[in-house]
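Geometric and topological summary
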Amino acid sequence: MSRIGNKPITLPKGVEAKVEAHSVTIKAAKGAYTLALHAGVAVKNDNGTLHVERKNDSQEANAASGTTRALLANAVKGVTEGFSKKLELVGVGYRAQAQGKTLNLTLGFSHPVNYKVPDGITVETPSQTEVIIKGLDRQKVGQVAADIRGFRPPEPYKGKGVRYSDERVVLKEAKKK
C-alpha cells in the first residue's frame with residue numbers, strides 16, 4: 001500500500017481544483033496546470049483537500065496512486081510558488097544572454113549555441129555566467145536545465161562547463177609523467 005498515495009493534499013487559499021473523469025485542473029494566480037489521471041486512480045475534492053484513491057488493489061494502481069499524489073502536490077506548489085533552477089557557466093569566455101524566447105550561449109565552440117525556450121518556461125540571465133530557469137511545471141523546468149547543461153557538461157580536469165548552482169564537480173588529478 002502506497003504511503004505517499006494515502007496522504008491528502010491541502011489546497012492553499014486562492015487555489016482551485018477542478019476534478020473531471022480523466023483529469024484534474026489546478027488554477028491559481030500564477031496560472032493553471034492540467035494533469036491527466038491514470039486509469040486505476042480517482043481523485044476526490046473534499047472542501048479544499050484532494051484525496052487520491054485506487055480503483056482496485058492491483059500493484060499498478062498502487063504505484064500510480066503514489067505517483068499521482070506526488071504530481072498533484074508538485075502542481076499545487078507550481079501554481080502557487082513556481083519552480084526554478086539556477087545554472088552557472090564556468091570557463092574563460094563562457095557567456096549566456098537571454099533574448100526573448102531564445103537563450104544565446106557562448107560555450108567555447110566555433111559557433112554560438114541558440115536554445116529556443118519552450119512555452120511555459122522563462123529564462124533570465126542576471127549576469128553573463130548565470131542562467132535562471134523558472135516555470136510552473138517541475139518536470140519541464142528540470143528538462144530545460146538538463147538540456148542547457150547537456151551542451152557543455154562540466155569536465156573533470158578543469159571543471160569547465162555548464163553546471164547546476166548546487167552541483168559539486170570532483171576534479172581528477174592530471175596525468176603524471
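The rules behind the values
Residues numbered from 1 in each chain as written. Predicted model: local features only at pLDDT ≥ 70, side-chain atom pairs only at ≥ 80, totals over all residues. Heavy atoms only, no water. Core = buried A, V, L, I, M, F, W, Y, C linked by side-chain atoms within 4.5 Å. Buried < 20%, exposed > 50% of the residue type's maximum accessible area, 1.4 Å probe, protein only. Helix = DSSP H or I, 4+ residues; strand = E, 2+ residues; numbered from the N terminus. Contact = heavy atoms within 4.5 Å. Pairing = 2+ DSSP bridges. Axes fitted to C-alpha atoms, helices over the stretch in contact; angles between N-to-C directions. Expected span 1.5 Å × (residues − 1). Arc of directions from axis to C-beta. Polar contact = N/O pair within 3.5 Å; in protein donor to acceptor, adjacent residues only side chain to side chain. Phe/Tyr/Trp six-rings, centres within 6.5 Å; stacked < 30°, edge-to-face > 60°.

What follows covers the nonpolar core. With 20 residues, the main nonpolar core has L89, L103, L105, V131, I133 and I148 as its most contacted residues. Of all elements in the fold, only β7 (83-90), β9 (102-106), β10 (113-116), β11 (121-124), β12 (130-135) and α3 (138-151) reach the threshold of two or more residues within this core. A total of four residues in this core trace back to one element, the largest contributor, which is α3. Residues in contact with I133, not counting those within four places in the same chain, are F83, S84, K85, L87, I121, T122, V123, V141, V144, A145 and I148. Of all hydrophobic cores here, the second largest spans 18 residues; its members include V24, I26, V76 and V79.

The antiparallel open sheet is built from three strands, whose spatial order is β2-β3-β4. With one partner strand each, in any of the chains shown, β2 (16-19) and β4 (32-36) form the two edges of the open sheet. Averaged over all adjacent pairs, the angle separating strand axes in this sheet is 15°, with direction ignored. Along the sheet, helix α2 (residues 59-80) contacts β3 (23-27) and β4; its crossing angle with β4, the most-contacted strand, is approximately 170°.

Under the 1.5 Å per step criterion, the end-to-end length of α2 is 32 Å for 22 residues, consistent within 8% with the ideal 32 Å. Turning to α2, its buried residues are A61, A64, S65, G66, T68, R69, L72, A75, V76, G78 and V79. Two residues or fewer past α2, G82 is found with a positive phi of approximately 90°.

The next point concerns α3. Taking 1.5 Å of rise per residue, the 14 residues of α3 would be expected to cover 20 Å, and the 21 Å separating its terminal C-alpha atoms lies within 8% of that figure. Every buried residue of α3 is listed here: V141, V144, A145 and I148. Down the axis, α3 shows its buried residues gathered within 95° of arc, on one side only. Structurally, α3 contributes buried residues whose contacts are with β7, β9, β10, β11, β12 and β13 (161-164). A side-chain oxygen of the first residue of α3 lies 3.3 Å from the backbone nitrogen of Q139; this N-cap is D137.

Pairs of aromatic rings are described using the distance from one ring centre to the other and the angle between the two planes. Evaluated as defined, the whole model comprises one aromatic pair. Aromatic side chains Y115 and F151 sit 5.9 Å apart centroid to centroid with 70° between the ring planes, which places their arrangement in the edge-to-face category. On the criterion of sequence distance, the pair formed by Y115 in strand β10 and F151 in helix α3 is long-range, its members being 36 residues apart.

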